[in-house]
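# Descriptive structure summary
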Amino acid sequence: MINKFLGFEPDKDKLPSLTAKIGDDIDLSSHKYQKIWLGPNHPGVTGNMAVELWVQGNTVVKAKTHVGYLHRGFEKLIERRLFVQGFPTSIRMCVAEPDTNEYLIATCTEQLSGYDKAVPEMAKWLRMLSLEMARLQGLLRGVPGQGGTFALGLGVQWGVYLRDLILDRFEELTGARVYHMYIIPGGVRGLLPDGFKERMEDNLRDIDDFIIRIRKLMFHNSVFKKRAKGLARITPDMVDKYGIVGTNARGCGVKRDVRKDHPYLHYDQLDFDPPTDTDGDIYARTWVRWQELIQTVDLIRQIMAKMPEKGDIKAEMPNVLHWKIPKGETYVRLESGRGEYGMYYVTDGSAKPRRVNLRGPSYTHAIALLEDMLVGADVADVHAIMVSLQTCPPEIER
Amino acid sequence: MKDLIEKLTEDFKISDVVYQRPDLAFVTVPKGVAISLVTELRDFEGFSHFVMMSCVDWIEEGKFQLLYLLHNPKTKTDVGVKTFIDRENAEMASAHHLWKQVWTYQRELKEAFGIDFPGSPRVDENFVVEGWTEMPHMRRDFNTKEYSQNTYFPRPGRETNDPAEYMRKKLYPNEPITAKKQDNDK
Amino acid sequence: MSLKDILTPFTAWSKVVKEPVTIKDPLNREAAPRYRGFHDNDIDTCIGCGTCEAICENEAIDLVPVDGIETKDGDSGLRPKIDYGRCCWCALCVDICTTNSLRLTNAYKWVDTDPDNFRFVPGVDEKDWYKREEGWRKPEPNYEFYGLKRVEMGELHPEEREDSFVEMIKGYSKEQAEAEADRCVECGICTATCPAHMGIPEYIKAIRNDDLEEGLRILYDTNPLPEICGRICTHKCETVCTIGHKGDPLSIRWLKRYIADQNPSEKYKKILETDILKKNGKKVAIIGSGPAGLSAAHYLVLLGYEVEIFEKLEKAGGMMRYGIPEYRLPYDQIDKDVNYILSLGVKIHYNVTVGKDITLKKLGEDFDAVFAGTGLHLGRSTRIEGTDHENVYQSIELLRKITQGEEIYVPEKIVVIGGGNVAMDITRSLARLQNQKYGKVQVIATSLETEEKMPADREEVIEAREEKAIVNPGWSPQRIEIVDGKIKGLHVVQCLSLFDETGNFNPQCNMENKNFFEADMIVESIGQGMDVSYISEDIKEHLELGPRGRFRVNDYFQTSLPWLFMGGDTIQGPDVIHGIANGHKAALGIDKFLIGE
Ligand SMILES: Cc1cc2nc3c(=O)[nH]c(=O)nc-3n(C[C@H](O)[C@H](O)[C@H](O)COP(=O)(O)OP(=O)(O)OC[C@H]3O[C@@H](n4cnc5c(N)ncnc54)[C@H](O)[C@@H]3O)c2cc1C
Ligand code: SF4
Ligand code: SF4
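Here we summarise the structure given alongside this text. Note that this is a predicted model, so its numbers are computed, not measured.

Moving on, we get to the overall build of chain C. Within chain C, the regular secondary structure consists of 21 helices and 21 strands. Overall, chain C is about 125 × 65 × 50 Å in size when its C-alpha atoms are taken along their principal axes. Within the span of chain C, comprising 597 residues, buried residues form 57% of the whole. Accessible surface, chain C: about 26100 Å² in total, of which carbon and sulfur atoms supply 50%. For chain C, the centre of its 73 positive side-chain charges and the centre of its 99 negative side-chain charges are spaced 2 Å apart.

Our next topic: the overall build of chain B. Tallying secondary structure elements over chain B gives five helices and five strands in all. Secondary structure elements in chain B, listed N-terminal to C-terminal, are α-β-β-α-β-β-β-α-α-α. Rg of the C-alpha trace for chain B: 23 Å, well past the compact-globule value of 16 Å for 186 residues, more than 25% over. In terms of its C-alpha atoms, chain B occupies a principal-axis envelope of roughly 75 × 40 × 30 Å. For chain B, the residues scored as buried account for 48% of the 186 residues in total. Intrachain contacts of chain B at a sequence separation of at least 6 include 50% that bridge at least 24 residues. Carbon and sulfur atoms make up 49% of the accessible area of chain B, which amounts to about 9300 Å² in all. Taking the average place of the 26 positive charges on the side chains of chain B and the average place of its 31 negative ones, the gap between the two points comes to 5 Å.

All names here are of chain A. Where helix α5 (residues 121-148) contacts helix α6 (residues 153-174), the two axes come as close as 8 Å, and the packing angle between them is 165°. By the angle between their directions, the pair α5 and α6 is classed as roughly antiparallel. Judged by the sense of rotation from one axis to the other, the crossing of α5 with α6 is left-handed. Seen from α5, the contacting residues are Leu-129, Ser-130, Met-133, Ala-134, Leu-136, Gln-137, Leu-140, Arg-141, Pro-144, Gly-145 and Gly-148; seen from α6, they are Gly-155, Val-156, Gly-159, Val-160, Leu-162, Arg-163, Ile-166, Leu-167, Arg-169, Phe-170 and Leu-173. Of the residues in the contact of α5 with α6, the class split is 13 nonpolar, six polar and three charged.

Another aspect to go through is the environment of Leu-66 of chain B. Tracing the backbone shows Leu-66 of chain B in strand β4 (residues 63-72). The sequence separation of Leu-66 of chain B and Asn-150 of chain B amounts to 84 residues, and the corresponding C-alpha distance is 31 Å.

Bringing the interface of chain A and chain B into the picture now. At the interface, 49 residues of chain A touch 50 residues of chain B. Between chain A and chain B, roughly 4100 Å² of surface is buried when both sides are summed, and carbon and sulfur atoms account for 50% of that area. Area buried by chain A at its contact with chain B is led by Lys-76, Arg-354 and Tyr-363 of chain A, which between them contribute 17% of it. The tally of links from chain A across to chain B stands at eight salt bridges. A salt bridge links Arg-354 of chain A to Glu-60 of chain B; the nearest nitrogen and oxygen atoms lie 2.6 Å apart. Taken together, chain A and chain B are joined by 29 residue pairs in polar contact (both at pLDDT 80 or more).

This part takes up the state of the cysteines. Residues and elements named next belong to chain C. Tallied over the full model, the rule gives zero disulfides over all chains. In this structure Cys-190 is a free cysteine whose sulfur lies 5.9 Å from that of Cys-187, the closest cysteine sulfur available. Here Cys-495 is not disulfide-linked; the sulfur of Cys-509 is the nearest cysteine sulfur, at 4.7 Å. According to the relative accessible area criterion, Cys-495 is buried, its value standing at 4%.

Surrounding ligand 3, one finds His-39, Cys-56, Asn-58, Ala-60, Ile-61, Cys-87, Cys-88, Trp-89, Cys-90, Ala-91 and Cys-93 of chain C. Here the shell around ligand 3 is built from residues that sort into nine nonpolar, two polar and no charged.

Below, the discussion takes up the sheet that holds strand β6 (residues 135-136) of chain C. Residue and element names in this part refer to chain C. Within the open sheet, the three strands sit side by side as β1-β4-β6. Their pairing is antiparallel. Two strands bound the open sheet, and with one partner strand each, they are β1 (39-41) and β6. As defined by bridge partners, β1 adjoins strand β4 (residues 102-105) across three bridges and the pair is classed as antiparallel. Paired with His-39 across the strands is Leu-104, a residue of β4.

The rules behind these values
Residues numbered from 1 in each chain as written. Chains lettered and ligands numbered in written order. Predicted model: local features only at pLDDT ≥ 70, side-chain atom pairs only at ≥ 80, totals over all residues. Heavy atoms only, no water. Helix = DSSP H or I, 4+ residues; strand = E, 2+ residues; numbered from the N terminus. Buried < 20%, exposed > 50% of the residue type's maximum accessible area, 1.4 Å probe, protein only. Areas by Shrake-Rupley, 256 points an atom, 1.4 Å probe, with all protein chains shown as cover. Lys, Arg positive; Asp, Glu negative; His and termini not counted. Charge placed at Lys NZ, Arg CZ, Asp CG, Glu CD. Rg over C-alpha atoms; globule rule 2.2 N^0.38 Å. Contact = heavy atoms within 4.5 Å. Axes fitted to C-alpha atoms, helices over the stretch in contact; angles between N-to-C directions. Parallel < 35°, antiparallel > 145°, perpendicular 65-115°, else oblique. Left-handed = near helix turned anticlockwise from the far one by under 90°. Nonpolar A, V, L, I, M, F, W, Y, C, P; charged D, E, K, R; others polar. Buried area = accessible area lost by both parts, 1.4 Å probe. Salt bridge = Lys/Arg side-chain N within 4 Å of Asp/Glu carboxyl O. Polar contact = N/O pair within 3.5 Å; in protein donor to acceptor, adjacent residues only side chain to side chain. Disulfide = S-S within 2.5 Å. Near = heavy atom within 4 Å. Pairing = 2+ DSSP bridges.

Here is the structure:
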């Protein structure tokens, strides 16, 4: 209405048509294009990453992902450290869910040294609890965060508050809020503190409430629907072509979940079914994540109900200062909030790993896939698309 | 999985099969057939999901070990196809045509290990270490610690003492002792 | 797009009337009880082992000297200093801390304008968070970074050993030795306490690396009698072993034995690279082939000296052979160590008593220097009534005879006076002989000291009892009852204390509480004295005396007669490892004296 009054008609059909064949080599000196850097310091960018955009008018015609602003050489650093010294370094490879890294390092070393059978029951349940808590706090940020990319900031505030409550639980369980350093080769570093379950249950009840509210706020929201539906669509045939995993794949109906496909820890003892949707657009992906939020809350309840009351937390293992692992290699994966998250781990018989290589979902989602998906998109949608793929730069550059 | 690998062994000159887990096997093939095996696995054996590509530097043997890790979503199994290439003038046929994300891996391996993949898109573009002038930083012979010591400025004033050596100086400076052996753990 | 989709989001307004959830005072929020904040260290418990430094993946820890903390046995005197520019609060240092002294408090706020303040020694530099009880401590239960339990050593059962002199301790297998070696944290605290300052962490590491030849080389750096020490060393090192603070100390002695046992004697020369030794043309005489003499001989011959040992008895080894019983130290193991030393070209003259068959003076003239390691071979007597009876014996005299294969008097009832290791050795030897002769044991060992204060090693007492000997401590012998020229037994009274306030030996007894131990034979085992009759008066007058009636020697065990060196039991100890250390140091002293630096 107001636009009409101002004489501005936001009807793209009336704009001059694109003169470039999308994605082609672009001659900036023709003055028909403009180059925009989104990031590395931009509130809409998830972490320190930049997207270099070539635009004509509002439309992206070419995009390039740039990482490296956060490269710390963790894989190399872990190669130069004892097996037990790896996990405090590893967590920084993914800030969003640091626990996944700890789990992978621990499991790789255990599998290669044969101590995987020795990990106590209690430790397995606690590992699962911390991994699901990590997923929960990620979703509490991620689900409303998608609304945030369309300027719906309120849900983000709710989510961040609740996430902080989960971080409180992490703090009392692991001794830290973000970098938990809890899962260690052989086990975990602490039992549940007294009253933990009750406090957790209180938080989960608040989250139950939030889940309903965020549904009303985001998913029955005309603006969100209008912008998110049909945007950045992933189709099932793209899944294998690009190596798409996790909720990005489940959003278009390709049901892949490491917890089901390769059950680890005690996931086979939990009752759950990974949610899926069919549309494959941002709305569908976010909707899957919203359902996953419900499911994660439920999983945490199941874990707390099923886990033993007490037990050993760590296997009896060799002296950490001299621990050598025979030559070997393995690949261990888990289902992180962003999908298959894995680690290729090579040992050479010495006291340190020969090679540690992380496989983060963003490695494909935020480069090959994102670059292709952005072509043709509106500039205003770029970071919505980026967030919808759950881009996490630290796991790309490590 | 055993059947599958046995079936392919002859055609692809597979050696060194390791069944790391029931759902994970590593096989080694000559450099020349690696990409063909990967293609075969993708197109005919259902290994449609490309998990990752990686490299291990076996500097002692003068070899890089390349790994193509493939996943079969139906059988829920993984095969790691390994091949060894010379460390000197390292080069490997590109697999970027098989999956969309492969060129990213190849670009990283070029930067991090110095392995060339002729024909792979943007293989010469910097990946994470823009403006890097040292040797490829993931090679075993690149010494991170030395690099950081030469590049950054540690605050002065750090000094430590080895307990045994300190006690010797304090308590029995003139006694015969064992010559301290080189510490090969560290 | 339905009207519902426009209206529903407005439900969010219902939050307007809700209480805000923000923390009222965010600046003073208390962290969780397990929170990993700044370090604290219980400075009196910490021993400066540096294990925290070894595990820190960020090299955030330095070990620094601290005023007022003394370097002493079992404590390096160093304390960890943390650099918070590097620390990532992982608390691995806490988890591994060998004394549990280190912890992280849950203090996490600290503002300072001087970056150097963020490097401090926890527990020493005052910080206001030390009073906090909360924070990270080593997790429980069963959360260990190294093994606390000693790998058990196989032994003969009491029934198998009570009538036999076969070696009792079986020795570690490869797996056992490697598992035991794995527990070491390589701090090296033990090295200072070992009288010979052996490279303990180094040879333990050689076991871990399964490089036993390297292990043997390390042993011979400071100890040429590893088979012997690997069996009977007093292992003072184990009393300070860092691992002993939370668990069992490393079995250092058995590990040493493992290395020696695994290397066959034929290969010693090759491993130790002693096939060809240079000669320097100088000659040294050594009196006595105990550990002190053998050690001096070994290091002297390596230095190029021609060495001749003069030994009173018919075999080499001194008290190691003639004192220590065979079930603890088999003769073939003594031979293995001794023969290697002799194979290096050391000459030995058996059955030559210096002072009788050859004078010390003559040795002084014929040789460039003399080292005397003559040991303590005179038994001491309680001198109570009846000790002049023929069936009152000295323990070392009996032990020597047992070694020499002489028939000794073994009646059915024996009392041993003494509570030290020698007393246990004779008690257990006699018990074996009684068992062989009568099929039963009736030997009582009694001492002034009470059970807790008995100088003998605990396991010696336990094992003696397992072998059915009676150990009944806390009695003061009064007189030996003799009827018709035959010993009937020993009268004792309860002993209350041994030393007076000034610390002088002055036993106090409760004369009311009496006891009588029946016996046909009494063995005295209350210590040995030295026999210096081999030193003629004209030499003796040049020798200064030191504390406790011993001759004065300098740091190199040189007496006030520059050509005469002395070591072993007559100077220090008494134990084998001191003898070895003395002999080694004296060898270096002789070299310094004859060749100069
Ligand atoms: C029963 C017993 C058990 C022991 N158990 C242990 C133990 O478990 N662990 C331990 O560490 N220590 C033990 N000891 C102590 C240890 O044996 C001595 O401390 C050590 O042997 C002393 O060494 P040395 O070289 O000073 O003298 P000795 O070993 O006593 O050697 C002295 C040598 O000199 C010879 N000699 C003396 N005078 C002359 C002379 N005039 N001419 C020629 N030769 C002469 C002697 O015959 C003898 O061979 C034990 C001692 C005894 C008695
Ligand atoms: S590990 Fe513990 S005992 Fe050893 S130096 Fe560190 S704080 Fe002290
Ligand atoms: S907490 Fe971790 S990083 Fe900090 S000093 Fe201890 S071991 Fe080092």
